[in-house]
Amino acid sequence: MRRLIASDKAIPDLTMANPQPLRSPKTVVFVGLMGVGKTCIGRRLAQRLDIPFVDADKEIEEAAGCSIPDIFERHGEKYFREGERRVILRLLDNPVHVLSTGGGAFMDPQTRAAIRERAISLWLRADLDLMLRRVSRRNDRPLLQVADPRAKLQELIDLRYPVYAEADITVDSVDGPPDVTLERVVGALAAHIRRNVVAAQ
Ligand code: S3P
């Protein structure tokens, strides 16, 4: 592997000093817990990259013909997870886009392997209070319809963070304007792409 040298003309300069349109060679898949802002930031990233944005949960709802709470209620979580895997594997066949996935998707070994092989995974992480504030605005997340959503989120943090940590990129979401988090995402993605260009040379 060659080292990154500032004067190396072969390496695309993606810094703010010399902005070039950032182009992702692969679909960028957002993973992370409920309420971190995967859809909000994913949509903005897609705009920035000028590529389509797809929300996996919406696609699952469309394929099932009903909402996620209804899928959980009528058929159970196992059925939802199977549909989730099928839909994401299908979406990964699409041309390069930004894909936001539900918090449990990356926990599935087959889905995770497919994402690893065919996409760039980005774990968007936020602290517990921020997630709790965001998820309490809506009641459409079946896993959080419990007496103590904070305890449930903490349980999911303990269970899922070691797996989310396998993502290619980790970005901490900022409690503030989405554009601040977006800039972090763009910077981290640019650095990841640059590292891989260098590694491939
Ligand atoms: C889930 C997260 C939800 C949705 C479903 C299950 C999870 O998506 O897929 O309610 O297991 O964490 P968001 O992460 O987009 O809220």
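Quick caveat, the model's predicted, so the values are computed rather than measured.

A. Looking closely at the environment of Gly 76. Mapped onto the fold, Gly 76 is located in the loop between helix H3 (68-75) and helix H4 (77-91). By the C-beta count within 10 Å, which is 11 here, Gly 76 ends up exposed. Taking the C-alpha atoms as reference points, Gly 76 and Ile 60, separated by 16 residues in sequence, lie 14 Å from one another.

B. Here's a closer look at the site of the ligand. Close to the ligand lie Met 34, Lys 38, Asp 57, Ile 68, Gly 102, Gly 103, Gly 104, Arg 141, Pro 142 and Leu 143. Here the shell around the ligand is composed, by residue class, of four nonpolar, three polar and three charged.

C. Region of the structure containing the nonpolar core. If you look at the biggest cluster of nonpolar residues, it comprises 38 residues, and the most contacted ones within it are Val 28, Val 29, Val 31, Leu 122 and Val 185. A total of six residues in this core trace back to one element, the largest contributor, which is helix H8 (residues 178-200). Discounting residues that sit within four places of it in the chain, Leu 122 has contacts with Val 28, Val 29, Phe 30, Ala 167, Asp 168, Ile 169, Val 171, Val 185 and Leu 189.

D. Quick peek at the sheet that holds strand E4 (residues 119-125). Judged by pairing direction, the sheet is parallel, and its five strands sit side by side in the order E2-E3-E1-E4-E5 without closing on themselves. Whereas interior strands pair on both sides, the edge strands pair on one side only; in this sheet they are strand E2 (53-55) and strand E5 (169-172). Averaged over neighbouring strand pairs, the angle between their axes works out to 25° when direction is ignored. Note that E4 and E5 share four bridges and pair parallel. Looking at the pairing, Leu 124 lines up with Val 171 of E5. Across the sheet, helix H1 (residues 38-49) touches strand E1 (27-31), E2, strand E3 (98-100) and E4, and the angle it forms with E3 is around 175°.

What counts and how
- Numbers given for residues are sequential positions, taken from 1 along each chain in its written order.
- Under the rules for a predicted model, residues below a pLDDT of 70 receive no local features and side-chain atom pairs below 80 are neither given nor counted, while totals for whole chains, interfaces and linings still include all residues.
- Numbering goes from the N terminus for both helices and strands, where a helix is a DSSP run of H or I of at least four residues and a strand is a run of E of at least two.
- The burial criterion counts other C-beta atoms lying within 10 Å of a residue's C-beta, which is placed from the backbone; the residue is buried at 20 or more, exposed at 12 or fewer, and partly exposed between these limits.
- We call a residue near a molecule or strand if the C-beta atom, set from the backbone, is within 6 Å of it.
- Each residue is assigned to one class: nonpolar for Ala, Val, Leu, Ile, Met, Phe, Trp, Tyr, Cys and Pro, charged for Asp, Glu, Lys and Arg, and polar for all the others, Gly among them.
- Note on terminology: a nonpolar core is a set of buried residues of type Ala, Val, Leu, Ile, Met, Phe, Trp, Tyr or Cys, with members joined through C-beta atoms within 7 Å.
- Throughout, a residue-residue contact means that the two C-beta atoms, derived from backbone geometry, are no farther apart than 7 Å.
- Strands qualify as paired when DSSP identifies two bridges or more between them.
- Axis definition: a line fit to C-alpha positions, over the contact stretch in the case of helices; interaxial angles, taken between N-to-C directions, run 0 to 180 degrees.

Function cannot be read off these values alone, since they describe shape.
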